[in-house]
Amino acid sequence: MALPEGLRSTPFSPRYDDRVEEWIDVYGHAVPLFITDPAEEYEAFRTAAGALDYSMLYKWHVEGEGALATVDAVFSRSVRGLGEGRIAYGVVVDEDGFMIDDVTVAVLAPGHVVVTGGNPATQESLTAHAPDGTTVTERRDEFAVLTLQGPRSREVLQRLTHVDVSNSAFPYYTFIRDVLVAGISAQVSRIGFTAELGYEIQVPRERALDLWDAVLDAGADLGVKAAGALALLTCRTEAGMIMGELEYDHTVTPFECRMGWAIDFDKGPFQGRDALLAKKGTAQGRVVSVVVDTAPEAAEGARLELDGRDVGYVTMAVPSPALDGATLGLARVHRDAVKPGTALTTVTADGSKADATVKPTPVYDPERTRVRA
């Protein structure tokens, strides 16, 4: 199927575009909803490994003597305190403490920091705090990023590199640079969006197809499959991982979208710190998991009621294999409806109703043991 009009291809799309039946828009790029069978692609993430194009996220390279100070002035966690090869996950908020973006930060050198996220407004904040001689450049078009996620992803990666990628040598939320993967110079980060062991492999854009072929070939006997967005979104919903414009927007604070833990008030001043400090303990709502007694397409976007009172809505709903196919959603709800076990009612635009129940978040691997395996 041809790419939708107005959307850009990605570095890997030549390997699957003729097989794709449905696309979605991810930051202006056409991303396949699925490539073969979405159930099999999900199963690969959970039992073997799935390979997914992840090149669409913005990559802001902050360079110059003021690079560390620039990112520290915007990011909710300490950048100066990052150890060598470490990655920090946190948020960017506006001056009033409302969410702009959830991002990762990697310090490549004292004068070179990379911020990866999904909202161009993050670049505006970085640029506003950059002193003379420090530049902020968005460079995603220079790279191809393949995310390899699943319990056998380490085996696949180890077949392609001489670098030790064992758990002790390459722990969670770290990265390694200038490593050869299938003979290609790469940066590899141990992170992901599936609640599974996984990696993001970044190579020069012109080597994208070589990387794709090497990964799929190396993992063929281990059950590795190319995957689309639907399998990833199912995994992230089960894992309770948030997305911009779904679980948060410019009307909520980090405390209301499960990101309060990522605010380091002790690091010193940063954009929105004082507003967040004033709002601490006053959150009016929260993101929760809900199981809904209706089809996912009916549950998604539905309003939620508690004893007849509107208390929020479902942001995304999927059939959850982890819950034997039950409809699982993430939802933004009033604080009165956050307790697990709370009985709610979904109400669709046409007035149809269904029972819903708040569940502990996440429903999959709540101790996050698999990502650290």
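Here, the structure is the one placed above.
Residues numbered from 1 in each chain as written. Predicted model: local features only at pLDDT ≥ 70, side-chain atom pairs only at ≥ 80, totals over all residues. Heavy atoms only, no water.

Brief notes about the side chain of T253
In plain terms, the rule: Helix and strand assignments follow DSSP, with helices taken as H or I runs no shorter than four residues and strands as E runs no shorter than two, numbered in order from the N terminus. Relative accessibility under 20% of the residue-type maximum defines a buried residue, over 50% an exposed one, and the middle range a partly exposed one, all with a 1.4 Å probe and only protein chains included. Any pair of residues with heavy atoms lying within 4.5 Å of one another is described as a contacting pair.
Inspection of the secondary structure assignment puts T253 in the loop between α6 (229–239) and α7 (273–279). A relative accessible area of 5% places T253 in the buried class. With residues up to four places along the chain from it excluded, the contact list for T253 reads G97, F98, M99 and K279.

Observations concerning the pattern of salt bridges
Convention followed: When a carboxyl oxygen of Asp or Glu is within 4 Å of a side-chain nitrogen of Lys or Arg, the pair counts as a salt bridge.
Summed over all chains, the structure comprises 19 salt bridges. The closest approach of N and O atoms between E142 and R139, which form a salt bridge, is 3.0 Å. A relative accessible area of 37% places E142 in the partly exposed class. Salt bridges sharing partners connect three or more residues here, namely R46, E196, E238 and R370.

Some points on the environment of H129
Cut-off, in case you're wondering: Under the rule applied, a polar contact is a pair of N or O atoms within 3.5 Å (in protein, one hydrogen donor and one hydrogen acceptor; residues adjacent in sequence only if both atoms are side-chain atoms).
Along the polypeptide, H129 turns up in helix α3 (residues 121–129). Measuring from C-alpha to C-alpha, the distance between H129 and D72 comes to 9.4 Å, with 57 residues separating the pair along the chain. Setting aside anything within four residues of it in sequence, one finds H129 in contact with T70, A73, V74 and Q271. Here the side chain of H129 touches S125 through a polar contact of 2.9 Å, landing on its backbone oxygen.

Things to note about the packing of helix α4 (residues 153–160) against helix α5 (residues 208–218)
To keep things clear, this is the line we draw: Lines fitted to C-alpha atoms define the axes here, with helix axes fitted over just the stretch in contact, and angles between the N-to-C directions of these axes take values from 0 to 180 degrees. An angle counts as roughly parallel when it lies under 35 degrees, as roughly antiparallel when it exceeds 145, as roughly perpendicular when it falls between 65 and 115, and as oblique in every other case. Helix crossings fall into two classes, left-handed where the near helix is turned counterclockwise from the far one by less than a right angle and right-handed where it is turned clockwise. Residues are grouped as follows: Ala, Val, Leu, Ile, Met, Phe, Trp, Tyr, Cys and Pro are nonpolar; Asp, Glu, Lys and Arg are charged; every other residue, Gly included, is polar.
Direction vectors running N to C along α4 and α5 enclose 120 degrees, while the axes themselves pass 9 Å from each other. The angle between α4 and α5 places the two elements in the oblique class. As α4 runs across α5, the sense of the crossing is right-handed. Where α4 approaches α5, its residues V156, R159 and L160 are matched on the opposing element by A214, V215 and A218. Taken together, the residues of the contact of α4 with α5 sort by class into 5 nonpolar, no polar and 1 charged.

Describing the nonpolar core
Definition in use: Working definition of a nonpolar core: buried Ala, Val, Leu, Ile, Met, Phe, Trp, Tyr and Cys residues. They are joined through side-chain atoms within 4.5 Å.
Counting 36 residues, the largest nonpolar core has F12, V156, V181, V188, I201, L211 and V215 as its most contacted members. Of all elements in the fold, only β3 (49–53), β9 (143–149), α4, β10 (175–181), β11 (184–189), β12 (198–204), α5 and β13 (224–226) reach the threshold of two or more residues within this core. No other element matches α5, which puts 7 residues into this core. Not counting residues within four places of it along the chain, the set of residues in contact with I201 comprises A144, V145, L146, L157, V181, A186, Q187, V188, L211 and V215. Within the second largest apolar cluster, 25 residues are counted, among which are Y89, I191, F255 and M259.

Focus on the packing of aromatic side chains
Defined as follows: Only centres within 6.5 Å qualify two rings of Phe, Tyr or Trp (six-membered ring in Trp) as a pair; their planes then separate them into stacked at under 30 degrees, edge-to-face at over 60, and tilted for everything else. Ring-over charges, as used throughout, are those where CZ of Arg or NZ of Lys falls within 6 Å of the ring centre and within 35 degrees of the ring normal.
Under the criterion given, the structure shown has 7 aromatic pairs. Their ring planes at 80 degrees and their centres at 4.7 Å tell us that Y172 and Y173 sit as a pair that is edge-to-face. Residue Y173 is classed as buried on the basis of its relative accessible area of 17%. Counting every residue linked through ring pairs, the aromatic cluster contains F12, Y16 and W212. The cationic tip of R46 hangs over the ring face of Y364; the distance from NZ or CZ to the ring centre is 3.6 Å. Sitting above the plane of the F98 ring, K279 keeps its charged end 4.9 Å from the centroid.

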